[in-house]
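Structural description and commentary
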Amino acid sequence: MQQALIILGLVLCLLIPSLLLAKDSITPLILAKTFKSSMQHEAYWVSEKLDGIRCYWSGEQLYTRNGNPIHAPTWFIKQLPQTPLDGELWAGRGEYQTVAQTVLDKTPNDKQWREIQFQVFDLPHNKAPFEQRQKTLKSILEDSLRPNVVWVEQTQLRSLAAINKALESVVKNGGEGLMLRPVRSLYEAGRSNNLLKLKPRYDSEARVIAYQAGRGKFENMMGAIWVELSNGKMFKIGSGFSELERKEPPPIGSRVTFSHQGFTEKGLPRFATYERIKVDE
């Protein structure tokens, strides 16, 4: 019996480190900085900012950007090439919660996954400039029928006026914003000036600490939530909620995403609007 326990202990000592490292073994992805509304390059490749779950395809397994495995149906996986890909799992504008509920479920729901697209925008292992990476990526995705795998089209824009016009058009049609990549830029893991995001508003996160009762048409419902930023600043958010969300507000202690138009001199967000509960990826 003692010998069996010793053997089991040795096996666990070998397995546990590999399991702990597995999450960290994916290729680090390029992460966006915020576009500062000035032309730092002669031109940018521009695409819509998709409101989904960032995803890395290793050639064998789908992962979130934090290295958590995504449990997709076999038929979905069979559509993917052996080449590693960087993209977004997406179900359309305004459907973030649908995507999160579907792709983060450990038991894949075939019907729900039929609505999911893998919108692919880059090749993380390719060292070529962006234009060549896109040419290669497009050829990879066009070589066979892949109904749930989509190449994200890029448009080159050469002026701030053209970029702002594109942003206005996307937002007017329900989009979140734009992603910009300098011409001839390389794939650079981590926060990088080679990938920039542009939105008409900013997103931040806070922790729910209390509710404020509703009045008038919101009587017997939540009127606002009180939240706390990571720096300890507290404020309330009273707009952006659906009627259902007012009847079933985000739980105390949960983290929520809210949009705003920058911060005041006191460090409080201007025109804070509730967006969604933060889902751990």
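The following refers to the structure shown. These numbers were taken from a predicted model, which means no experiment stands behind them. (Residues numbered from 1 in each chain as written. Predicted model: local features only at pLDDT ≥ 70, side-chain atom pairs only at ≥ 80, totals over all residues. Heavy atoms only, no water.)

Judged by nonpolar contacts, the single largest core of 25 residues is most densely connected at Leu62, Phe76, Leu85, Leu89, Val103, Trp113 and Phe118. Within the residue set of this core, elements represented by two or more residues are strand E3 (53-57), helix H2 (74-77), strand E5 (85-90), helix H3 (96-103), strand E6 (117-122) and helix H5 (130-141). Top element by residues in this core is H3. It accounts for four residues. Residues contacting tryptophan 113, with those up to four places away along its chain left out, are Ile70, His71, Ala72, Pro73, Trp75, Phe76, Leu89, Thr102, Val103, Pro108 and Asn148. Grouped together as the second largest cluster of nonpolar side chains are 13 residues, Val208, Val227, Leu229 and Phe241 included. (Core = buried A, V, L, I, M, F, W, Y, C linked by side-chain atoms within 4.5 Å. Buried < 20%, exposed > 50% of the residue type's maximum accessible area, 1.4 Å probe, protein only. Helix = DSSP H or I, 4+ residues; strand = E, 2+ residues; numbered from the N terminus. Contact = heavy atoms within 4.5 Å.)

Pairing is mixed in the open sheet, where five strands are placed in the order E4-E3-E5-E6-E7. Bordering the open sheet on either side are strand E4 (62-64) and strand E7 (149-151), each of which pairs with just one other strand. Taken over all neighbouring pairs, the strand axes of this sheet differ in orientation by 35° on average, direction set aside. Bridging between E6 and E7 involves three bridges; their strand directions are parallel. Along E7, the bridge assignment pairs phenylalanine 118 with valine 149. Running over the sheet, H3 touches E3 and E5 and is turned about 40° from E3. (Pairing = 2+ DSSP bridges. Axes fitted to C-alpha atoms, helices over the stretch in contact; angles between N-to-C directions.)

A few words now on the environment of valine 103. Among the secondary structure elements, valine 103 is positioned in helix H3. Note: C-alpha distance between valine 103 and tryptophan 113 (10 residues apart in sequence) is 7.5 Å. Those residues in contact with valine 103, other than ones at most four positions away along the chain, are Ile53, Ile70, His71, Leu89, Trp113 and Ile116.

Attention now moves to the side chain of serine 185. One can find serine 185 in the loop between strand E9 (178-182) and strand E10 (190-198). For serine 185, a relative accessible area of 5% gives the class buried.

The subject of this paragraph is the pairing of strand E12 (residues 222-228). A regular strand carries its side chains on alternate faces of the sheet. Counting buried positions along E12 yields five of seven residues, so the element is predominantly enclosed. The pairing of strand E11 (residues 202-213) with E12 spans six bridges and is classified as antiparallel. Across the sheet, the residue bridging to alanine 210 is tryptophan 226, located in E12. Pairing of E12 with strand E13 (residues 234-237) involves four bridges; the strand directions are antiparallel. In the strand pairing of E13, valine 227 is matched with phenylalanine 235. Where E12 folds back on E13, the antiparallel hairpin that results is connected by five residues, among which glycine 232 adopts a positive phi of roughly 95°.

Summed over the entire model, instances satisfying the criterion amount to 13 salt bridges. Where arginine 54 meets aspartate 86, a salt bridge forms, and the shortest distance between an N and an O atom there is 2.8 Å. Of this pair, arginine 54 sits in strand E3 while aspartate 86 sits in strand E5, and the two are 32 residues apart along the sequence. The class for arginine 54 is buried, based on a relative accessible area of 10%. In this structure, aspartate 122 and arginine 133 form a salt bridge, with 2.7 Å as the shortest nitrogen-oxygen distance. (Salt bridge = Lys/Arg side-chain N within 4 Å of Asp/Glu carboxyl O.)

Strand order across the open sheet formed by five strands is E13-E12-E11-E14-E15, with antiparallel pairing between neighbours. Edge positions in the sheet fall to E13 and strand E15 (273-277), since each has one partner strand and no second. Pairwise comparison of adjacent strand axes, ignoring direction, gives a mean angle of 45° for this sheet. Looking at chain direction, strand E14 (residues 255-260) and E15 are connected through four bridges and run antiparallel. When the bridges of E15 are listed, threonine 257 appears paired with arginine 276.

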